[in-house]
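# Working through the structure, step by step
Chain residues, written in single-letter form:
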Amino acid sequence: MPESPEVETIRRGLERAVLGLKISKTEVLFPAMIKSGLNLIRRFPRKRITSVERVGKHLVIKLEGKLCLVIHLGMSGKMLLLPKSSPLPKHTHLVIHFREFAEKLCHNDPRRFGYVHIVTSDGLRDLNCLLKLGPDATQLTKKMFDRMVKARHRMIKPLLLDQSFIAGLGNIYSDESLYKAKIHPRRLSHTLRSSQLDSLRLAIRTTLRQAIVAGGSSLNDETYLNVDGELGRFQLQLRVYGREGERCFHCGRKIRKIIVGSRSTYFCPRCQPVQKR
DNA sequence: GGGCCTGTTTCATG
DNA sequence: ACATGAAACAGGCC
């Protein structure tokens, strides 16, 4: 579930809470979550956290001594700050303790679709999962986006979900952005007009910004939580996602659910009409 | 207890 | 190379 607004909310929470803190020890409860660099974890003690960054849907936590923790949260991943005395939640895979800080940082992922890489700064530069990412969805320029989309012959929604095309969008925010730009999710990318592409680019930007302000989306009161264990609020502002059969806020037609690129897709058939060109 | 759903990666095929 | 589809991952839910 975490798309870039959720990851960004987590990033900000971590930056506020643990930036500059010195690690005292780490616990690896489920080593298989660590896809590379498990051996580097023994260097963590006595290192401070020097930055907390986001790359697409990845969290990059940098430490002194050129150490980097790269985390993808998959669908159900969380980073929770819990009092040191709290019992570990089920499905906790990695725990980081800090000197002089009353809380521990727990990486938790029930479905285990996420992963962790531990690398040095040099290793970071050739981590495939980061190298193959397209430009961040929040950083698109008009020219760049126009050129990129028209160069491809694909349905627009699966293209938006392709992290090697642009990074950061998942199912929720691509549907919301296409609705805002009034574009049908199956529209072929190369048939879109420059004016439509620019409204799509701006719709993506606005949607992601509003979602970050709302602290991300939590759909089934379980799924996404920020570092303080709180739910997001953007699900209250969703216009199409998860609203099958409900009325479009703009025109009153019923929102439809279809499958596009094998993914559930919600849209308004009147506001987002099929258009050949 | 089986089938479905979720997002992403990976593999196979056109 | 590019597009597309299926399978795999794991657990929660009905």
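Below or above, wherever it landed, is the structure these notes cover. (Residues numbered from 1 in each chain as written. Chains lettered and ligands numbered in written order. Predicted model: local features only at pLDDT ≥ 70, side-chain atom pairs only at ≥ 80, totals over all residues. Heavy atoms only, no water.)

### What to know about the side chain of Glu6
The condition is simple: Starting at the N terminus, helices and strands are each numbered in turn, a helix being any DSSP run of H or I of at least four residues and a strand any DSSP run of E of at least two. When accessible area is computed with a 1.4 Å probe and restricted to protein chains, residues below 20% of their type maximum are described as buried, those above 50% as exposed, and intermediate ones as partly exposed. When charges are counted, Lys and Arg are positive and Asp and Glu negative, with His and the chain ends excluded. Any carboxyl oxygen of Asp or Glu within 4 Å of a side-chain nitrogen of Lys or Arg constitutes a salt bridge here.
Assignment of secondary structure puts Glu6 in helix H1 (residues 4-18). No salt bridge is formed by the buried Glu6. Its closest oppositely charged neighbour is Lys57, at 8.0 Å.

### Some points on the sheet that holds strand S8 (residues 103-108)
We apply this condition: Strands qualify as paired when DSSP identifies two bridges or more between them. Axes here mean lines fitted to C-alpha atoms, for a helix over just the part in contact, with angles spanning 0 to 180 degrees between N-to-C directions. Here a residue-residue contact requires only that any non-hydrogen atoms of the pair lie within 4.5 Å.
With antiparallel pairing, the four strands of this open sheet are ordered in space as S1-S7-S8-S6. Since the sheet does not close on itself, it has two edges, and those belong to strand S1 (23-28) and strand S6 (78-83), each with one partner. Taken pair by pair, the neighbouring strands of this sheet meet at an average axis angle of 20°, ignoring direction. Along the sheet, H1 contacts S6, strand S7 (92-98) and S8; its crossing angle with S6, the most-contacted strand, is approximately 30°.

### Here we look at the nonpolar core
For the record, the criterion: Nonpolar cores are built from buried Ala, Val, Leu, Ile, Met, Phe, Trp, Tyr and Cys residues. Side-chain atoms within 4.5 Å join them into one set.
Within the largest apolar cluster, 34 residues are counted, with the highest numbers of intra-cluster contacts made by Phe145, Ile156, Leu160, Ile166, Leu200 and Ile204. Mapped onto this core, the elements with two or more residues apiece are helix H4 (142-150), helix H5 (156-161), helix H6 (171-180) and helix H7 (194-213). Among all residues touching Ile204, those that are not within four sequence positions of it are Ala137, Phe145, Leu160, Ile166, Leu169 and Ser177. Residues Val7, Leu40, Ile41 and Val227 belong to the second largest nonpolar core, which totals 29 residues.

### Concerning the protein's contact with DNA strand B
In plain terms, the rule: Whether a residue is near a molecule or strand is decided by its heavy atoms; if any one of them lies within 4 Å of it, the residue is near. Pairs of N or O atoms within 3.5 Å make up the polar contacts considered here, provided that, within protein, one atom can donate a hydrogen while the other can accept it, and that residues adjacent in sequence are counted only when both atoms are side-chain atoms.
As a matter of local geometry, DNA strand B sits amid Lys57, His72, Met75, Arg111, Phe113, Tyr115, Lys132, Asn171, Tyr241, Arg263 and Ser264. The sugar-phosphate share of atoms of DNA strand B within 4 Å of the protein amounts to 68%. Within the contact set of DNA strand B, a base oxygen lies 2.8 Å away from a side-chain nitrogen or oxygen of Arg111. Contacts to DNA strand B include Arg263, whose side-chain N or O atom sits 2.3 Å from a phosphate oxygen.

### A closer look at the environment of Gly168
Within the element layout of this structure, Gly168 appears in the loop between H5 and H6. Taking the C-alpha atoms as reference points, Gly168 and Val7, 161 residues apart in sequence, are found 9.1 Å from one another. Contact partners of Gly168, with chain neighbours within four places excluded, come to Glu3, Ser4, Gly56, Lys57 and Gln163.

### Digging into a positive patch on the surface
Definition in use: Without a salt bridge and with relative accessible area above 30%, a residue can belong to a patch; like charges are then joined within 9 Å and nonpolar side chains (Val, Leu, Ile, Met, Phe, Trp, Tyr) within 5 Å. All accessible-area figures derive from a Shrake-Rupley calculation using a 1.4 Å probe, and residue coverage is judged against the displayed protein chains alone. The location of each charge is read from NZ of Lys, CZ of Arg, CG of Asp or CD of Glu.
Side chains of Arg186, Arg253, Arg256 and Arg270 sit close together on the surface and give a patch of like positive charge. Mapped onto the fold, Arg270 is located in the segment after strand S11 (263-267).

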